[in-house]
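# Structural overview
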Amino acid sequence: MSPETWITHGRTTVADTDFDVLILGAGSGGYACALRAAQLGLRVALVEKGDLGGTCLHVGCIPTKALLHAAEVADSARDSEQFGVRATLEGIDMAGVNSYKDGVVSRLFKGLTGLVKGRGVTVVAGEGRLTGPREVTVDGTAYTGRHVVLATGSYSRSLPGLEVDGERILTSEHALRLERVPSSVVVLGGGVIGCEFASVWRSFGAEVTIVEALPRLVAAEDEASSKVLERTFKKRGIKARTGTPFESVKTTDHGVVVTVEGGETIEAELLLVAVGRGPVTDGLGYDEQGVEMERGFVRTDERCRTNLEGVYAVGDIVPGLQLAHRGFQQGIFVAEDIAGLDPTPIDEAGIPRVTYSHPEVASVGLDEATARSTYGEDAVETLTYDLGGNGKSQILKTQGFVKLVRVTDGPVVGVHMVGDRVGELIGEAQLIYGWEAHAEDVAPLVHAHPTQNEALGEAHLALAGKALHAHS
């Protein structure tokens with residue numbers, strides 16, 4: 001769609017340049033805001049220099065999870081005999097894997113484009129810059145809005161002196177375009193992105209070493225979750241060098257040589273830099289227009305409002321969890337706030353978190369350490385239900401747990417899970433946390449048998465003093 005037209009209910013009209021809501025960035029936060037605002041009858045413009053959907057759809061959540069599913073299929077073929085099925089894994093056809101991955105992205109992109117067009121959202125193609133309190137300029141044309149929403153997303157960070165070349169030293173974007181399975185990889189960073197790629201490459205047959213400066217993998221998760229993930233990764237042959245700061249890397253004819261603190265070196269074919277994501281705000285006019293910033297991030301209040309009247313910010317440029325579904329929900333919130341619906345602010349702790357590795361790690365609410373520091377050392381109790389007592393988990397041959405954190409004689413304030421497919425259980429866990437449910441409220445609920453969902457029910461039964469498939 002060209003910047004000169006806008007579509008309203010299938011009718012093409014010449015567009016002006018003034019809107020009720022002007023959104024800079026069409027990732028998860030930006031497009032969600034646009035769709036909801038248009039649904040509420042507001043005139044909306046969406047400025048985007050790339051493709052609708054942003055990082056999540058094109059080089060983030062969707063393609064990485066497609067790779068992870070391909071990795072699961074590879075593991076299933078490799079390990080099929082334990083299920084009595086005679087199959088062999090002949091190899092990984094990366095051209096076929098990438099075709100499958102790109103097909104998923106293409107279909108979702110086509111659907112999103114149709115949604116945006118059908119809702120009458122004006123799409124302005126080009127690189128936008130904030131040139132006034134309520135103005136964004138694209139290719140010399142100024143667009144204005146009663147309300148402006150900043151949603152410019154994030155980029156893959158590196159470290160000082162670490163030059164990404166896209167050949168031997170990669171970011172996750174480069175890794176998604178690889179046309180071969182590397183023989184060996186050093187993954188710099190043991191957070192969500194690093195652990196997911198380590199899991200994929202190991203399933204595809206690569207030798208993988210994770211180098212993480214912090215004491216444990218997925219350090220933002222409960223410590224018990226980190227321990228189980230590290231133990232399972234070790235069984236899979238993934239080496240995790242935690243508490244090991246990176247010092248330098250040099251490329252060779254055959255790959256890379258990574259030097260860690262103490263002078264030890266690790267050789268591999270590739271180095272993946274997965275040390276987090278930074279906010280895309282530099283050079284976009286935010287500073288010049290007086291938007292309050294902090295280390296490149298845009299500061300907002302609990303209603304996603306910046307210090308400038310009528311200017312909001314959502315998604316990865318706002319300090320906090322850099323998750324697509326957080327930005328998506330913030331976008332909906334802002335649209336409803338602008339429309340005068342007075343929505344309830346989003347509880348950051350109530351945003352579900354999932355690492356889609358093998359095994360998966362999922363959580364919502366507070367971890368044990370945070371709960372104890374918040375409510376008092378003696379005012380918190382926990383219960384861990386082992387998936388060994390869950391029939392469906394045994395069928396799937398996965399191990400892990402459901403860990404509940406609650407205020408003594410009070411509500412459950414944290415749910416933490418490890419095991420294959422536990423990410424699919426986070427919806428009920430989120431409701432339990434969000435409704436401030438007590439174990440006694442959840443225990444009577446009927447959970448279908450045999451499902452992994454039963455593990456949540458069994459954990460709450462045990463916490464309520466009614467342990468059945470768990471040792472009391």
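This brings us to the overall build of the chain. When helices and strands are counted, the chain shows 13 helices and 26 strands. A principal-axis box enclosing the C-alpha atoms of the chain has dimensions of 65 × 60 × 45 Å. For the chain, with 472 residues in total, the buried portion stands at 51%. Residue pairs at least 24 apart in sequence account for 62% of intrachain contacts in the chain once pairs closer than 6 positions are excluded. Summing over all exposed atoms, the chain offers an accessible surface of approximately 21,500 Å²; the carbon and sulfur share of this is 50%. Averaging the coordinates of the 43 positive side-chain charges in the chain and doing the same for the 64 negative ones gives two points 3 Å apart.

Read across the open sheet, the three strands follow the order β14-β15-β16; overall the sheet is antiparallel. Both edges of this open sheet fall to β14 (246-251) and β16 (265-268), since each of them pairs with a single strand only. On average, each strand axis in the sheet is tilted by 20° relative to the strand beside it, whichever way the strands run. In the sheet, β14 pairs with strand β15 (residues 256-260) via five bridges, with the strands oriented antiparallel. By the bridge assignment for β15, Lys250 is matched with Val257.

In this section: the side chain of Asp75. Residue placement: Asp75 occurs in helix α3 (residues 61-78). Its relative accessible area of 12% is what places Asp75 among the buried residues. Residues in contact with Asp75, not counting those within four places in the same chain, are Ser203, Arg236 and His358.

Another aspect to go through is the sheet that holds strand β17 (residues 270-273). On the basis of which strands lie adjacent, the open sheet formed by five strands has the order β10-β17-β11-β12-β13 and parallel pairing. In this open sheet, the two strands that pair with only one neighbour each are β10 (169-170) and β13 (239-241). When strand β11 (residues 184-188) meets β17, the two strands line up parallel, connected through four bridges. Among the inter-strand pairings, Leu188 is bridged to a residue of β17, identified as Val273. Against the sheet, helix α6 (residues 192-203) engages β11, β12 (207-211) and β17, with an angle of about 165° to β12.

As a further point, take the environment of Thr398. Inspection of the secondary structure puts Thr398 in the loop between α10 (391-396) and β25 (401-407). Spatially, the C-alpha atoms of Thr398 and Thr370 are 28 Å apart, while their sequence positions differ by 28 residues. Once residues lying within four places of it in the same chain are set aside, the contact partners of Thr398 are Ser393, Gly419, Asp420 and Gln452.

The contact between α6 and helix α7 (residues 223-236) brings their axes to 11 Å, and the two run at 25°. As far as their axial angle goes, α7 and α6 are roughly parallel. The way α6 lies across α7 gives a crossing that is left-handed. Across the interface between the two elements, Cys195, Ser199, Arg202 and Ser203 of α6 pack against Leu229, Phe233 and Arg236 of α7. Of the residues contributing to the contact of α6 with α7, the split by class is three nonpolar, two polar and two charged.

In this section: the confidence of the model for the chain. When the pLDDT values of the chain are averaged, the result is 95; 96% of them are 70 or greater. Scored below 50 in pLDDT, residues 1-14 makes 30 contacts in the model with residues more than four places away or belonging to other chains.

Assignment of secondary structure puts Arg353 in strand β22 (residues 353-355). For the pair Arg353 and Gly96, spaced 257 residues apart in the sequence, the C-alpha separation amounts to 30 Å. Sequence-distant contacts of Arg353, that is, excluding residues within four places in its chain, are made with Glu221, Leu321, Leu323, Val361, Ala362, Ser363, Val364, Gly365 and His416. Of note is the side chain of Arg353, whose polar atom sits 2.8 Å from the backbone oxygen of Gly365.

Considering the arrangement of structural elements, one finds Asn390 in the loop between β24 (380-386) and α10. Asn390 gets classed as buried once you look at its relative accessible area, which sits at 2%. In this structure, Asn390 is in contact with Tyr385, Thr451, Gln452, Glu454 and Ala455, ignoring residues within four places of it in sequence.

For the rest of this paragraph, the subject is the packing of aromatic side chains. The full count for this structure, using the stated rule, is two aromatic pairs. Ring geometry for Tyr31 versus Phe328: centroids 6.1 Å apart, planes at 70°, classification edge-to-face. A residue pair is termed long-range when its members are at least 10 positions apart, and Tyr31 in helix α1 (residues 28-39) and Phe328 in helix α8 (residues 324-338) qualify at 297 residues. Arranged with centres 5.5 Å apart and planes meeting at 45°, the rings of Phe197 and Trp201 form a pair that is tilted. With Phe197 and Trp201 both in helix α6 and four residues apart, the pair spans about one turn of that helix. Across the pair, exposure class does not vary: Phe197 and Trp201 are buried alike.

Turning our attention to the pairing of strand β23 (residues 360-365). Within β23, six of the six residues are buried, leaving the element largely enclosed by the surrounding structure. In this structure, β22 lies alongside β23, joined through three bridges in antiparallel fashion. Bridging from a neighbouring strand, Arg353 pairs with Ser363 of β23. Connecting β22 to the antiparallel partner β23 that follows it, the hairpin turn spans four residues. Relative to strand β26 (residues 412-419), β23 runs antiparallel, the two sharing six bridges. Paired with Ala362 across the bridge in β26 is Met417.

Under the counting rule described, the total for this entry stands at 25 salt bridges. Taking the shortest distance from any N to any O, the salt bridge between Arg299 and Glu294 comes out at 2.4 Å. In this structure, a network of salt bridges that share partners links the residues Asp222, Glu368, Arg372, Glu377 and Lys403.

What counts as what
Residues numbered from 1 in each chain as written. Predicted model: local features only at pLDDT ≥ 70, side-chain atom pairs only at ≥ 80, totals over all residues. Heavy atoms only, no water. Helix = DSSP H or I, 4+ residues; strand = E, 2+ residues; numbered from the N terminus. Buried < 20%, exposed > 50% of the residue type's maximum accessible area, 1.4 Å probe, protein only. Contact = heavy atoms within 4.5 Å. Areas by Shrake-Rupley, 256 points an atom, 1.4 Å probe, with all protein chains shown as cover. Lys, Arg positive; Asp, Glu negative; His and termini not counted. Charge placed at Lys NZ, Arg CZ, Asp CG, Glu CD. Pairing = 2+ DSSP bridges. Axes fitted to C-alpha atoms, helices over the stretch in contact; angles between N-to-C directions. Parallel < 35°, antiparallel > 145°, perpendicular 65-115°, else oblique. Left-handed = near helix turned anticlockwise from the far one by under 90°. Nonpolar A, V, L, I, M, F, W, Y, C, P; charged D, E, K, R; others polar. pLDDT = per-residue confidence, 0-100. Polar contact = N/O pair within 3.5 Å; in protein donor to acceptor, adjacent residues only side chain to side chain. Phe/Tyr/Trp six-rings, centres within 6.5 Å; stacked < 30°, edge-to-face > 60°. Salt bridge = Lys/Arg side-chain N within 4 Å of Asp/Glu carboxyl O.

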